[in-house]
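What follows is the residue order along each chain.
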Amino acid sequence: MTPEGSLLAAEGLYKSYGVTPALDGAEFSIHPGEVVAVMGPSGSGKSTLLHCLAGIISPDSGTVRYGPHTLTGMSDAQRSALRRTEFGFVFQFGQLVPELTCLENVALPLRLNGTKRKQAEQQAREWMERLEVESVHGQRPGEISGGQGQRIAVARALATRPRVIFADEPTGALDSLNGERVLTLLTNAARDTNAAVVLVTHEARVAAYSDREIVVRDGKVKDMLAGLI
Amino acid sequence: MSIGHTLLGLLESGPRHGYDLKRAFDEHFGQDRPLHYGQVYSTMSRLLKNGLVEVDGVEAGAGPERKRYAITDAGITDVAQWLARPEKPEPYLQSTLYTKIVLALLTDRDAAELLDTQRAEHLRLMRGLTERKRTGDLADQLICDHALFHLEADLRWLELTAARLDKLAEAVRT
Amino acid sequence: MRARHLALGVRFAAGGGREGWIRTILTAVGVALGVMLLLAAASIPHVLDARQQRGDARTAVEGAKPVARSSATLLYARTETSFRGDAITGALLRPDGPDAPAPPGVRELPHSGEMVVSPALKELLASPEGKLLRERLPFTTVGTIGQPGLTGPGELTYYAGSDTLSTAHGAHRLARFGVGTQPPPLNPMLLVTIIVACVVLLMPVAIFIATAVRFGGERRDRRLAALRLVGADVPMVRWMAAGEALFGAVVGLLLGTVVFLALRQFIGSVTLWDVSAFPGDLTPLPALAALVALAVPLCAVAVTLFALRGVTIEPLGVVRNNAGRRRRLWWRLPVPVTGIALLLLNGRVDRGNGVVNPYLIAGGAVLVLFGITLLLPWVVEAVVARLGGGPVPWQLATRRLQLGSGSAARAVSGITVAVAGAIALQLFFSTIQSDFMKVTGQDPSRAQLSLTLPSGDVATTRKMMAQVRTTEGVRGVIATVEASASRPGPVRKGEAFAPSTQVTVGDCPTLGELAHTGACKDGDVFIVKDNSGLVDDGYLFKTARPGAQVLFNRDPQTEEPDGAPRLWTLPKSARTVDSRKAPSGETAFGIFATPGALDTAVLDHPTAHAMVKTDPAVPDAAEYVRNTAARIDPQMRVITLQNLERDKQYNSVRTGLLVASTATLALIAASMLVTTLEQLRERRRLLSVLVAFGTRRATLGWSVLWQTAVPVVLGLALALVGGAGLGLALLSMAGKTTFDWSVVWPMVATGAGLVLLVTLFSLPPLWRMMRPDGLRTE
């Protein structure tokens, strides 16, 4: 299914680790400004789908299209460049570089894109303000709380103004209140910038922040729009 | 819970006497509330009137008259529509959902599809509540959160049931 | 209690499953390598001792009083030659009777025309390369010299029988072999070199062992955290960790001993500074071996306990107290300074004299090198704290270093000490070596070989001149016949003895090489004034007066002519000229006469001397000349003015040092690699995340390079300062002020090369760890 006007679309994705297929003919599409929740039980292939969509791994077969590009035909370097410029990432934990300060962490993707240090840190500071963590800019990730850390991660994902944000269980390690706040900030910011969000989660309350959800079961994707008619 | 739809669903696997229907119902769903004969006959007469069942035959003999009921095509369509329609998400829904799932399994319909439809409906409501939270004041947020947590609990149950569907089918069919 | 926890730790290490074993093996291999080197070093005294003893046992000593001839004596004459730079020693033997003693290792004295040879010489003679040498040793080989008669298996030596040897012809009579006297003490300069070399090479080994027992420590800490969860307290887990390290160290100790014993068998094939050793010589001193056996396990325990001081193992994880107190300089700096002071305290040691206090020197060197390892963490911390800015890889690297400069400094402390020590040693060695070279003062551009006949009758002298001139590869010969001359008549009042001087007879070109003769024709005579300032010209001018007579055969004992006086009158035309330094570096003076003016037959006890200029296009010219010399007289002394032997010795030591330091550096590089990989594995997930958001591989590769390179550069800089400091202290002790900086850079370059190598080797695992697998939830 590749609806008209989709920003990122995948067809017939197949990926296996060893004998068991992690993805078995999965499909996906997302429009600009859309938040799509990817749900499903553990080990169903949610994360594998996210990694394929983001070009972190290559599927064994099938295609992933992003705008005019076909990710599945690109080299590793090209995909890396695309991830750097067009995509943002938030993971569950362990994603901040422990020896950099929070500000430097947020500025890191900008600097990887070649932005000058001063300018990168200026922009990073603005995003940190927006995510209400400006106060910890000089501290290191080991010295702040989990909620603050996750906000730093979101700020970092948003800093390059990506077109697609991939969030893999972004609130998995947070309590309800902190999780809700992070999700609100993330989805609000994404809507403001018309970015699409692929939100992998197994929690319904997290998925409720999406516009639409899909369920991955045994490597197959079920689009819940179809069931709603 | 709709007893009419439940009895119709039970008839789908083959014509039965009223007494058999009660026994089948009790076996699957009547753990804490067995069906009265009166309920069976009054329901059947309403279904007869609506053309959803027909009398297959009458057995003469000692005791009460024994009619055999069979489901009509209109009846089958009615069951299918009922099963496919998600329930309005609300607390303590599981008895209805459970009935639907068992009937779907008994009639060889896609029970997983039924569960998916229901979870989509739940999420639709949760999405609405979340949106209200986003814009509402603290009171709104607290009220919405209460509903959200309940809905989430239902949804978890749905997921767990979906994961155990194969085992349930085995249990129901024996 | 502690012992029980220690034992528990040993059990964990021995039965800890695959991971436990990998850790134990890593530690054991590291410790084994170190133990091997330690045992080898502990054997050096025995190697030198054994050599010395065997060398003494075969020495033929010429006593103060001549030995009376009997059936139990023999005549002995030492011969020396060299073949393509390898020294060959030998002796001519002539037994006086059937009971003549045989040198150690020789069963039966060789008869005339026969010889017994060392196995190495036998091999050389039998090989195609030995063809030229066979001509020089025209004896039949009848046996080999056994181990008791050799200082080492690589020694080239022989004993040949002779029936012409006589005391008049340079031989002396012996009743037995061996010296009873105390051997002269080792050259103090050499002793300093050996002490410092041991310290320099062993300090990094010690550091390496300390690093090796910490291999895999981070994973172990996590395992210990799990033990804390089930109720072990902090001292308990520390002692358990120490137990694990102890087990690895003991396994390493055993492994190292086994490998040492196995490798010892091959020691005979290694020759360093003309020294080779028998496997049996390489036996560690019992005390030193015991020290190694005791110190290594103790160090393992101590290092582990010390390392865990800064680590808090909590039930739910491991906390490293990285951001602790700042490091202080005040107690670190005095250590190396004290070391330098100790070295200077030893006082001047010149070649051949001066007192060496081995404890002062070893202690000083150890303190300097240990001081460097103390200073390093401070330097790294102080410098790294000031770094910042720059591109992303640089930022990642410097920030990482700022957070954990201690471990980075620890990783390079070995390399720093190794390089510092090597620099000091090279600096010291090259300088004293260049000093040795200068002393000879020989000029190999004018002549390459110097030949001296032990005794010269005129016929032999003429034969020598003629034969050497026609030898292949000879371009020119500066040949002289030398004797002494004195003023005739009795000793005058105020004189201790009759004035005398030297007489040198040679043709005009020869004399021109030895004095500034100016125009010269046959029949000329010169009075050559010494201009080196070493000789009092007074005697010369009292003896050699133009128109006066000189006496050739004065007996120095009686001051009377030995037989009929042999007199000769100096022509009035004799000119006084200045001397010129000979190619051999010596300065001749006295009466210089051409053969037309003075017939050599009139001289008393003349010696013949020749300096030979060879054709550089004939590579074996020197060997041909030696063969000619041996044919004329096996006892003729042939000296290479180029001093090839010494060059070869120097090179072998320099190569040995370089090989040893490189081996040490490689050892350290290996431990750096292990440490780097451990760090990377710990950061696996982070690496995957960085890759996910599009970080270039090159960015991460560079950050690893910087992260390794920055501490190494700082370490090398410190090594340069410390090594030069130590080297200069040693040199000032030797009274030298000039030094050769060029020897420093190869060590620095080697150190830098190792960083690249470590980075290069850590790249494939880095690439592997950058795969998205690390993103999967653990």
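The rules behind these values
Residues numbered from 1 in each chain as written. Chains lettered and ligands numbered in written order. Predicted model: local features only at pLDDT ≥ 70, side-chain atom pairs only at ≥ 80, totals over all residues. Heavy atoms only, no water. Core = buried A, V, L, I, M, F, W, Y, C linked by side-chain atoms within 4.5 Å. Buried < 20%, exposed > 50% of the residue type's maximum accessible area, 1.4 Å probe, protein only. Helix = DSSP H or I, 4+ residues; strand = E, 2+ residues; numbered from the N terminus. Contact = heavy atoms within 4.5 Å. Salt bridge = Lys/Arg side-chain N within 4 Å of Asp/Glu carboxyl O. Polar contact = N/O pair within 3.5 Å; in protein donor to acceptor, adjacent residues only side chain to side chain.

A few words now on the nonpolar core. In terms of nonpolar packing, the biggest core is built from 60 residues, with Leu369, Met672, Leu726 and Leu730 of chain C touching the most fellow members. Looking at this core, the elements that each hand over two or more residues are helix H5 (188–212), helix H10 (358–385), helix H11 (392–403), helix H12 (405–440), helix H17 (644–682), helix H19 (697–733) and helix H20 (744–769) of chain C. At 15 residues, the largest contribution of residues to this core is made by H12 of chain C. Filtering out sequence-adjacent residues up to four positions away, leucine 726 of chain C remains in contact with Ile340, Leu343, Ala365, Val368, Leu369 and Ala424 of chain C. Counting residues in each nonpolar core, the second largest holds 54 residues, with Ile30, Leu53 and Leu100 of chain A together with Leu775 of chain C among its members.

This brings us to the side chain of threonine 130 of chain B. In this fold, threonine 130 of chain B is placed in helix H6 (residues 111–135). Taking relative accessible area as the criterion, threonine 130 of chain B reaches 4% and is therefore assigned buried. Residues contacting threonine 130 of chain B, with those up to four places away along its chain left out, are Ala208 and Tyr209 of chain A together with Leu148 of chain B.

On the chain A side, the residues contacting the 19 residues of chain B number 23 residues. On inspection of chain B and its partner chain A, the count reaches five salt bridges. Between glutamate 113 of chain B and lysine 222 of chain A there is a salt bridge, with its nearest N and O atoms 3.1 Å apart. Applying the counting rule to chain B against chain A returns eight residue pairs in polar contact (both at pLDDT 80 or more). If you tally residues by element for the side of chain B that touches chain A, the top one is H6 of chain B, at 13 residues.

Moving on, we get to the pattern of salt bridges. All names here are of chain B. A full pass over the atoms with the stated rule returns 31 salt bridges over all chains. Glutamate 121 is paired through a salt bridge with arginine 124; the nearest N and O atoms lie 2.9 Å apart. Remark: arginine 124 and glutamate 121 occur in helix H6; sequence separation between them is three residues, near one turn of the helix. For glutamate 121, a relative accessible area of 13% translates into the label buried. For arginine 134, the salt bridge is made with glutamate 131, and the minimal N-O distance between the two is 3.5 Å. You can see arginine 134 and its partner glutamate 131 sitting in helix H6, three residues apart, about one turn around the helix. With a relative accessible area of 25%, arginine 134 lands in the partly exposed category. Given a relative accessible area of 41%, glutamate 131 falls into the partly exposed group.

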